[in-house]
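Here is how the chains run, residue by residue.
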Amino acid sequence: MQPFNVLSEDVLQGVAELLQEVKYTKDTPIYHQEVTKMRGVDIIAEGEYEAFFYDSEHNKRVIEHHHKGYCYGGVSVLLNRKRSLRSVIAKKGTVVYFLHRRDFRALCQTNEAFFQFFTAEFGKRMINDEYAHFVKKPTTFEQNYIASDQLYSRRIESIEYRNLVSCGQDTPIFEAAKWMAEHKVSCLFVKDSQGNIIGYVTDITLRDNVVARQVQVQEPVSSIMDNPIVSIPTEAYVYEAILLMFRTQTRYLLVEENGQYLGFISRNKLLSEQAQSPFMFIQSVRLARSVEELRRRWEKVPEIVYQLLSRGVKPEIVNQVITTVSDTIALKVIEGVIDEMGTPPAKFAFIVLGSEGRKEQTLKTDQDNAIIYEDKANEQRELVRKYFLAFADQVSERLDKIGFSFCTGGYMAKNTKWTHSLSHWKRNYVSWMKEPDPDKVMKFSAFFDCRYIFGEAAIMDELKVFLDEELQKPLGRFLFHMANNAMQYEPPLTYFRNIKTFTVGSQEVFNIKKAMTPIVDMVRVYALQNRIFKTNTGERLEALMEIGVLKEREYQELMQSYYYLMSMRLKKQAVQIINDKSEPENYIDIRSLTKIEQVTIKEIFKTISNFQTNVKVKFTNALFS
């Protein structure tokens with residue numbers, strides 16, 4: 001009875017007369033965290049208390065076992081509004097002496113050392129990050145990342161854009177600067193002799209490309225202009241414009257209607273209207289200056305995801321926000337490594353694969369990336385390869401520190417298999433398509449879902465042109481194996497059309513990722529057959545409907561099914577990270593779902609099962625045709 005050792009014999013004698021003996025049978029739940037109001041404290045005389053926190057999945061966390069002489073409840077009474085800080089179960093044969101809280105408080109008020117024992121014990125425990133996390137109960141967020149619901153329904157045509165101010169490509173730099181000053185614009189567009197916009201000049205252009213380089217101001221403005229030119233149609237949404245700006249790293253967008261440029265909008269203009277939006281958060285990621293700062297930004301993403309979904313924002317939009325944050329972090333890391341290592345010895349493209357390539361990242365994500373560099377003469381090959389392998393290693397290491405763990409399957413540029421020349425990559429694709437087996441089908445699937453994020457877009461374009469030519473050859477056997485891969489995961493339905501579960505701990509769960517995978521795989525097969533090079537599942541579905549491969553009803557059913565499951569998956573992962581401070585997973589406890597949710601999921605699984613049947617028939621016929 002350690003805390004009572006500081007009390008005098010007279011006081012102890014008085015305390016003994018106040019104690020009440022209480023006995024417990026095997027595994028008796030006594031207290032529930034934040035629910036049970038403590039009547040007093042318990043001093044264990046015999047047996048054992050098991051104390052822990054329940055997380056949102058009803059898993060026990062930070063488990064401790066207390067034995068004879070331990071006093072439970074002091075911290076709860078003094079520091080937690082009389083609510084039990086933890087959940088407690090008494091083991092078989094446990095006997096405790098109960099002291100009412102009024103008497104316990106009286107002891108604390110008259111005996112400073114007695115009081116200090118409990119506060120000191122609490123302080124020591126709070127050093128444990130996991131313990132402190134559950135004590136703090138993160139149920140609210142410090143920041144609100146949703147500025148306005150209109151953000152996701154407002155179109156570009158409703159935004160006030162500025163008129164285009166332009167000059168010819170042969171205009172001297174100083175004349176261009178005077179033209180900008182006269183018109184009070186920070187962006188001047190440059191046109192060629194046919195009147196086509198070919199670049200732009202900003203205040204930053206003049207600073208970085210003229211003053212810093214000491215370029216003669218009589219030189220033509222085309223020699224120092226920036227590009228590429230990025231445009232967006234008037235019917236696009238505001239959020240799409242902002243995401244496009246971050247992806248292309250441009251500060252200005254041309255507003256387009258029916259092939260004509262009407263004016264331009266700046267990133268500052270759009271962001272100034274979104275004071276506390278996810279896009280201001282993305283801007284803060286862009287401004288981060290260290291790997292540690294990027295790691296802290298990534299840790300905030302679950303909060304943003306939860307708020308977006310809770311406000312009814314579509315999961316496909318939430319996916320885009322996650323992807324843009326992830327891409328922005330990757331770009332910052334890549335640029336940082338290049339600054340340290342020096343200019344690459346060859347042109348290259350850094351690509352992302354899998355769910356990241358499809359812009360369908362969740363909060364349980366690892367690295368999926370690769371590098372394609374231009375072919376070089378024999379004497380330079382080793383030098384080029386040595387640079388990019390070292391470069392890939394540095395990028396992967398930093399991404400891992402930020403929170404994008406190494407890919408367990410090795411699908412990352414750090415792996416020497418996935419950093420190669422363009423010609424080598426072409427041979428890879430041909431090899432995978434000519435002799436398909438489960439391993440090669442998996443590799444092709446990941447690399448067909450690839451997306452360029454940094455470097456020379458022309459390298460990626462050339463690879464796509466090559467692949468397009470290959471896909472026009474007879475592919476019956478290859479497509480059959482791809483379709484067969486899409487049958488690997490069946491919807492978890494029992495014979496009687498109930499949800500099939502398995503046991504994890506005390507939960508009856510199904511794997512929501514595996515439930516979604518057939519849609520991704522089947523849509524990919526159709527995209528391959530029809531040479532559709534969009535990577536996003538939703539965009540592929542839309543393209544397949546537009547060319548008549550899918551009927552409107554099939555398109556709607558698959559879109560709604562896929563993104564209903566995506567929303568559930570993202571929300572579950574966000575709760576695990578925010579509330580439970582645990583690694584996100586893909587298990588859904590069937591008992592956590594409402595009746596309506598269960599019925600909806602059953603219908604979704606039936607839709608997937610029917611689609612799988614159609615795919616199996618179609619591509620089995622293709623094999624023998």
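Please refer to the structure higher up on the page.
Summarised in this report is the structure supplied together with it. For clarity, every value in this text was computed on a predicted model and none was experimentally measured.

Before going further, it helps to examine the pattern of salt bridges. Side chains that differ in sign of charge can pair as their charged atoms come close. In total, this model carries 34 salt bridges according to the counting rule given. As a salt-bridge pair, glutamate 292 and arginine 295 come within 2.4 Å of each other at their nearest N and O atoms. You can see glutamate 292 and its partner arginine 295 sitting in helix 11 (residues 291-310), 3 residues apart, about one turn around the helix. The salt bridge partner of glutamate 299 is arginine 295, with a shortest N-O separation of 2.3 Å. Residue glutamate 299 and its partner arginine 295 are both found in helix 11; the two are separated by 4 residues, about one turn of the helix. Put simply, Arg358, Glu360, Asp449, Asp521, Arg524 and Arg540 are held in one network by salt bridges that share partners.

Next up on the list: unusual backbone geometry. The linkage connecting asparagine 227 with the following residue, proline 228, adopts the cis geometry, with an omega of 10 degrees. By secondary structure assignment, the location of proline 228 is in the loop between helix 7 (203-211) and strand 12 (231-233). In this structure, lysine 184 is a non-glycine residue whose phi angle is positive, near 50 degrees. Structurally, lysine 184 can be placed in the loop between helix 6 (173-183) and strand 10 (187-191).

A few words now on helix 17 (residues 457-470). The end-to-end C-alpha separation of helix 17 is 20 Å, in line with the 20 Å expected for 14 residues at 1.5 Å each. Along its buried surface, helix 17 packs onto strand 15 (348-352), strand 16 (369-373), helix 15 (422-434), helix 16 (438-448) and strand 18 (451-455).

This paragraph deals with the side chain of arginine 451. Looking at where arginine 451 falls in the secondary structure, it is placed in strand 18. Only 2.8 Å separates the side chain of arginine 451 from the side chain of aspartate 327, close enough to count as a polar contact. Discounting chain neighbours no more than four positions away, the residues touching arginine 451 are Thr323, Asp327, Phe350, Ile351, Val352, Glu356, Gly357, Lys359, Met460 and Thr535.

Attention shifts here to the layout of surface pockets. Looking at the second largest pocket, its volume works out to about 1,500 Å³. Along its surface, the second largest pocket is lined by 50 residues, and Leu244, Arg247, Thr248, Lys359 and Arg451 are the ones closest to its centre. Those elements giving two or more residues to the lining of the second largest pocket turn out to be strand 12, helix 8 (238-248), helix 12 (315-341), strand 18, helix 17, helix 20 (537-546) and helix 21 (552-580). The element contributing the most residues to the lining of the second largest pocket is helix 12, with 8 residues.

For the rest of this paragraph, the subject is the sheet that holds strand 1 (residues 20-24). Strand order in the open sheet made by the 4 strands is 1-8-3-6, with antiparallel pairing throughout. Every other strand in the sheet has two partners, leaving strand 1 and strand 6 (71-72) as the edge strands with one partner each. One ladder, built from 6 bridges, connects strand 3 (residues 40-46) with strand 8 (residues 94-100); its direction is antiparallel. Bridge assignment links glycine 40 to a residue of strand 8, and that residue is histidine 100. Most of the contacts of helix 3 (residues 101-110) go to strand 8, to which it runs at about 70 degrees, and overall it touches strand 3 and strand 8.

The full count for this structure, using the stated rule, is 4 cavities of 30 Å³ or more. As a volume, the largest cavity reaches approximately 130 Å³. Together, 15 residues line the largest cavity, and Tyr70, Tyr72, Gly73, Val75 and Tyr131 are the ones closest to its centre. The set of elements that each furnish at least two residues to the lining of the largest cavity consists of strand 5 (60-66), strand 6, helix 2 (74-79) and helix 4 (112-125). If one sorts the elements of the lining of the largest cavity by residue count, helix 2 sits on top with 3 residues. Volume-wise, the second largest cavity comes out at about 80 Å³. If you trace the second largest cavity, you find it lined by Tyr429, Phe447, Phe448, Cys450, Met460, Leu463, Lys464, Leu467, Phe533 and Thr535. Secondary structure elements with two or more residues in the lining of the second largest cavity: helix 16 and helix 17. Partitioned by chemical class, the residues of the lining of the second largest cavity number 8 nonpolar, 1 polar and 1 charged.

The rules behind each value
- Residues numbered from 1 in each chain as written.
- Predicted model: local features only at pLDDT ≥ 70, side-chain atom pairs only at ≥ 80, totals over all residues.
- Heavy atoms only, no water.
- Salt bridge = Lys/Arg side-chain N within 4 Å of Asp/Glu carboxyl O.
- Helix = DSSP H or I, 4+ residues; strand = E, 2+ residues; numbered from the N terminus.
- Expected span 1.5 Å × (residues − 1).
- Contact = heavy atoms within 4.5 Å.
- Polar contact = N/O pair within 3.5 Å; in protein donor to acceptor, adjacent residues only side chain to side chain.
- 1 Å grid on protein atoms, 1.4 Å probe; cavity = no way out; pocket = protein on both sides within 12 Å on 5 of 7 lines; lining within 4 Å.
- Points joined across faces, edges and corners; volume = space filled by probe spheres on them.
- Pairing = 2+ DSSP bridges.
- Axes fitted to C-alpha atoms, helices over the stretch in contact; angles between N-to-C directions.
- Nonpolar A, V, L, I, M, F, W, Y, C, P; charged D, E, K, R; others polar.

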